[in-house]
There are 2 protein chains.
Amino acid sequence: MGHGPQDVHGGVDPHLGRYAARTAGMTASEIRALFAVASRPEVVSLAGGMPNLAALPLRDIAAQTARIIAEDGLAALQYASAQGLPELREQICEVMALEGVRGHPDDVVVTVGSQMGLDLVARLFCDPGDVVLAEGPSYVGALGSFATYQAQVVHVAMDEHGLVPDRLRAALRQARNAGRRVKMLYTIPNFHNPSGVTLAVGRRAEILEICRAYGVLVVEDNPYGLLGFDGRTYPALHSLDPENVVYLGSFSKTFAPGLRVGWVLAPRAVREKLVLAAESATLCPPTLNQMVVSRHLATQDWRGQIDAFRETYRERRDAMLRALEDHLPPGCTWTEPDGGFYVWVRVPEGVDTRAMLPRAVDARVAYASGTGFYTNGLGGRRMRLSYCYPPPGRIREGVRRLAAVLEAEPALAPAFAGPAPRPVAGPRALAPEAV
Amino acid sequence: MGHGPQDVHGGVDPHLGRYAARTAGMTASEIRALFAVASRPEVVSLAGGMPNLAALPLRDIAAQTARIIAEDGLAALQYASAQGLPELREQICEVMALEGVRGHPDDVVVTVGSQMGLDLVARLFCDPGDVVLAEGPSYVGALGSFATYQAQVVHVAMDEHGLVPDRLRAALRQARNAGRRVKMLYTIPNFHNPSGVTLAVGRRAEILEICRAYGVLVVEDNPYGLLGFDGRTYPALHSLDPENVVYLGSFSKTFAPGLRVGWVLAPRAVREKLVLAAESATLCPPTLNQMVVSRHLATQDWRGQIDAFRETYRERRDAMLRALEDHLPPGCTWTEPDGGFYVWVRVPEGVDTRAMLPRAVDARVAYASGTGFYTNGLGGRRMRLSYCYPPPGRIREGVRRLAAVLEAEPALAPAFAGPAPRPVAGPRALAPEAV
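Conventions we followed
Residues numbered from 1 in each chain as written. Chains lettered and ligands numbered in written order. Predicted model: local features only at pLDDT ≥ 70, side-chain atom pairs only at ≥ 80, totals over all residues. Heavy atoms only, no water. UniProt positions renumbered as here; feature names shortened; annotations may be inferred. Helix = DSSP H or I, 4+ residues; strand = E, 2+ residues; numbered from the N terminus. Rg over C-alpha atoms; globule rule 2.2 N^0.38 Å. Buried < 20%, exposed > 50% of the residue type's maximum accessible area, 1.4 Å probe, protein only. Contact = heavy atoms within 4.5 Å. Lys, Arg positive; Asp, Glu negative; His and termini not counted. Charge placed at Lys NZ, Arg CZ, Asp CG, Glu CD. Pairing = 2+ DSSP bridges. Axes fitted to C-alpha atoms, helices over the stretch in contact; angles between N-to-C directions. Buried area = accessible area lost by both parts, 1.4 Å probe. Salt bridge = Lys/Arg side-chain N within 4 Å of Asp/Glu carboxyl O. Arc of directions from axis to C-beta. Least-squares fit on C-alpha atoms with pLDDT ≥ 70 in both. Parallel < 35°, antiparallel > 145°, perpendicular 65-115°, else oblique. Left-handed = near helix turned anticlockwise from the far one by under 90°. Nonpolar A, V, L, I, M, F, W, Y, C, P; charged D, E, K, R; others polar. Right-handed = clockwise from strand over helix to strand, strands pointing away.

An unreviewed UniProt entry lists chain A under the name PLP-dependent aminotransferase family protein, with Streptomyces racemochromogenes as the source organism. Listed under Cofactor (unreviewed entry) in UniProt, the entry text for chain A is "pyridoxal 5'-phosphate".

Regarding the overall build of chain A
The helix and strand inventory of chain A stands at 14 helices and 15 strands. Over its C-alpha trace chain A gives a radius of gyration of 22 Å, about what one expects of a compact globule, namely 22 Å for 435 residues. Within chain A, the fraction of its 435 residues that count as buried is 63%. If you take every contact in chain A between residues at least 6 apart in sequence, the share linking residues at least 24 apart comes to 77%. Each charge sign in chain A was given a centre, from 45 positive and 45 negative side chains, and these centres are 3 Å apart.

Considering the environment of B:D362
In this structure, B:D362 sits in helix α12 (residues 353–362). Remark: the alpha-carbon pair of B:D362 and B:R22, spanning 340 residues in sequence, is separated by 36 Å.

Observations concerning the sheet that holds strand β7 (residues 217–221) of chain A
All names here are of chain A. Read from one edge of the open sheet, 8 strands run β2-β9-β8-β7-β6-β3-β4-β5, paired in mixed fashion. The sheet is open, and its two edges are formed by β2 (108–111) and β5 (162–163), each paired on a single side. As paired strands, strand β6 (residues 182–187) and β7 are joined by 4 bridges and run parallel to one another. Across the sheet, residue T187 finds its bridge partner in β7, namely E220. Taken strand by strand, helix α6 (residues 165–177) contacts β3 (131–136), β4 (152–159), β5 and β6, and its axis lies near 155° from that of β4. Sitting on the sheet, helix α9 (residues 268–282) touches β2, β8 (245–250) and β9 (262–265), and the angle it makes with β2 is about 25°.

Digging into the interface of chain B and chain A
How big an interface is tends to be stated in terms of the accessible area lost upon association of its parts. The interface is formed by 88 residues belonging to chain B together with 89 residues belonging to chain A. Carbon and sulfur atoms make up 60% of the surface buried where chain B meets chain A, a total of about 7400 Å² over both sides. Summed over the three residues of chain B that lose the most area to chain A, namely B:R18, B:L77 and B:Y79, the buried surface amounts to 10% of that side. Taken together, the connections running from chain B to chain A amount to 2 salt bridges. A salt bridge links A:D119 to B:R123, with the nearest nitrogen and oxygen atoms 2.9 Å apart.

What to know about helix α7 (residues 201–213) of chain B
Two residues of an α-helix separated by three or four positions point the same way, owing to the 3.6 residues in each turn. All names here are of chain B. Buried within α7 we find R203, R204, I207, L208, I210 and C211. For α7, the angular spread of the buried residues around the axis is 160°, confining them to a single face. Across from the buried face of α7, at angles greater than 90 degrees, the exposed residues are G202, E209 and A213. Following α7 by one or two positions, G215 has its phi on the positive side, about 70°.

A look at the relation of the copies chain B and chain A
Note on the copies: chain B fits chain A at an RMSD of 0.0 Å, the axial shift is 0.0 Å, and the rotation between them is 180°. One copy is carried onto the other by what is essentially a two-fold rotation axis. Considering only C-alpha atoms, the residue of chain B closest to the rotation axis is B:A66, which sits at 2.7 Å. Mapped onto chain A, 100% of the interface residues of chain B again fall at the interface, so both copies present the same surface.

Points about the packing of helix α3 (residues 86–97) of chain A against helix α10 (residues 287–299) of chain A
All names here are of chain A. Relative orientation of the contacting elements α3 and α10 amounts to 50°, with a least axis distance of 10 Å. Taken together, the axis directions place α3 and α10 in an arrangement best described as oblique. In this structure, α3 crosses over α10, and the sense of that crossing is left-handed. In contact with E87, L88, Q91 and V95 of α3, α10 contributes Q290, V293, S294, L297 and A298. Class assignment of the residues belonging to the contact of α3 with α10 gives a composition of 5 nonpolar, 3 polar and 1 charged.

Description of the pairing of β6(A)
When a strand is regular, its side chains alternate between the sheet's two faces. All names here are of chain A. Along β6, 6 of the 6 residues are buried, which leaves the element largely enclosed by surrounding structure. Bridge analysis of β3 against β6 gives 4 bridges, and the strand direction is parallel. Across the sheet, the residue bridging to V131 is V182, located in β6. A crossover links β6 with its parallel partner β7, the connecting element being helix α7 (residues 201–213), and its sense is right-handed.

Right, here's the structure in full:
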C-alpha cells in the first residue's frame, strides 16, 4: 500500500519527499489487510473481532434514537464539549464502578472508540525513541498507535496468569541499563487480546508497584472486563493505583461498536492535556452517539443486555474449545479464555501461520496470524482464533477446515506417516510469547 | 490548564517529566476557553461558530434514523471500513462536483469532522520544525493541529480578495533562504474563517502555480463553499490542480455538526497513507452517522436544505452589517462577507481586543479576540464576530452592547470628548493581518 517509492499502481508517489518521518511506522496491519478476503460469505472468519450484535433490541434502540432527535435534535445534532457530555461521563463512572474503579466524571474524557483514547495517550506521552512495554503478544491497534508516535514497543512475557512480574522487572532493568526512556506499560489485564488470558488478581498490586518504582505510567485497556463467562469481574488496575493508571474503556463490546463511543479516565493533570489533545483531534465526539449511549444506560436493562452478550460468547467459546479438542492435530495447544473474544493457538514446530494463511483462505477459513501481534517478528507459530462473530455451527466448521489445512502442511504430513509417538493436542499454551 | 509545573489546583503534576515534547504546543485556545462563560443565556455570543440548526426537519431525520437502525442496525451499529462507507463516498463526490471537483470515491476518506482530516494531514506531513503557510489570520483548529505536530505556522497576508500571491511568493522565498522546509499551504479559499473574505477566482491558478513551483502541497479547507449568499460557488482549488491539492470537506455546516462527518479527498498515494492514519486514530468513523448522512443525501432535498441555511445566514449577515454601521464608533472597519459565518472587525488604535473581552462579557456580549487566529501575537486590534447562531434581533442587541463597550475603552473615550475630526466607521477592513 504505497510504502516504497513505487505505489501499488506502479507509479512513483510525487509526494514521497514530503511525508513526515513518522509515516515510516504506519504500515497496513496484516490483520486488516486480511479482512477484505475473509469477509467473503463462503469463508468462515475466525480472524476478526466484530462483536455479535444479534442480541441487541434494534427496534427499541431505533425508537429511543428517534425520540432523541425529534425531541432534543438541536442539541444532538450540534457541536458539544470536547470532553464529552456530563451526563454520559457520570454514567461511565457507574459502569466502571462494577470493576472497583472510583472515578470522578470530571476526569473522564469521551473518545471516538477507545482506539482514539490509545492514540491520544500515545500522543501525550510518546516522543520518538521512547519505549512502551506491552504484553507479548499485544493488541494490533495499540501497536499501530505507538508506531505512529515513533515509540518502540518492548514485549514482556505472559504466562497463563497474564503478564509475568519478574519479566516486567527484567525488561525495565534492561531498558534502564541501556539508557532507554520507558514511558508506560500498556496492558490488557482482562480476557486479553489476542491471548485470551486474564492477569491473576494476586499479580496486580505487584505489577503496579514495579511500575511505580520505575516511574512508569500504566495504561490499562479494558474493553472486555464485563464479559467474564462466570459473571465475575476483576479489580481494575485503576482501582488499586488511581494516580498512576490511565484507564481506557469502551462501549464497543458491551453495546455497539458502530457508535464509536469509548472513554479515558485519567489523573487530573493528564486529563486536562487529554481534553486539549481530543479537541485538536476531532473538536468533539459525536453528540448524537453519546446521547444514544446515555439513553440506553438510563432506560434499558443494560446489565441484562451484557448478561445476554456474555451468554452468547460463552456458548461460542465452548463450541470453539470443543472443536479444537476434536479436530486440531497433535502438537497444537491453546489457551482457555474465561471471557472475551479470543483463543490463542500454538501450532507445531515447522508450521508458519503467516505463510499458511493463504492456504487457509483457499480452504475457506481465516484466522489472524500471530506475527501481527508482535513488533519483533515473533508469533510465527501462533494464531488468534476469535469466536465472537460466527455462530457455533460455523465455528465448528471453521475449526474442521483449519485442522485439515494444518494437517496438510509439509511440516506435519510426515509426522502422520511415521510411527513415532506424537505429542498430544490440548489446552493451555503457556508463555504465549515464546515461539 | 496545567501548562506549568503547577496545575490549576496548585499541586505539582506528578506526570510532568513524562509528557512528549509536542505537548508544549498544546494550549487551550482563547476562543474555546471563552465558550463556557459566553454560553450563559444572558450573554449575546458573537464568539462561536455553531451553525443554526433550526431549519433542520428534525422529525424527518428522526424517522430516517430510526428506519436505518430498525432495518439495517446490524450494519449501522457494527464496525466498518476505516476509509468510510462506499455509498457515502460516492455521494460526497457528487457534493464536491458542485464546486467543480472531479474526485473518485476511492480517493475519499471519511473523517470524524474535517478537524480529524486536519489532524491526519498534519500527522502525515509535518515533522517538528517544518513550516506550514497559512493565511493571516487563520482557523484556530488548524493552528492547533499544526502545533500538535510541532510545525511552525508562518502567516501570509490577505487583502479583500484573499491570500496575496506576491506575499505568498515572498514567504516561500524567505523560508527557502532561511533553509526552512515548507510542507504545505493551508488555505480556506471561500468565506474564510475568521476573515469572511473569499479568494478571488483570478488568483486561484496563480497561487497553485506558485505552490507547484516551490514544491509545496496545498491543503484546501472548504467547509463553507456552498454557503455563498448569492448562491454562487467558486471553482475549488482541487478542481484546478488535483494532483497537488488535498481537499477537506464537511457536513457540519450544510447538515449537522453533531454527527461529525467530514472527509478528505487526496491524491491516491496520499490517500493510502491517510487510511492507515485514520485507522490508527479511530479504527473507523461511526457507521450509523455515515448512514444517516447518506440517507439524507439520497432521500431529502439536501440542496433545498442548503438554500434554506444560506437564506438564514444571509439575513443574519445583513443584520450584522447594518448594526455595525449603525452602532460601531468611528475608527472601526470590517469585512463584508458574501457567505459563511464571520465578519472580521478592526478596532481603533489603542484598543486591545483581548484585554477588552472581560469587559465585554460583563456587558453581556462575547466575541473572539483576533489574537487567537495568529501564532505570532498579531490580531490585538481585530475581533471575529459571528452571525451564524443568534437571530437578527440578538445580533443587533449584541452589536449595540459591543459598541458601548468599545466607546468606554480609555483609548476611545478622550476622542469623543475632543473636537478633532474623527475617522469614519465603515466596511472593508483591508489587509486583515496588518495590525
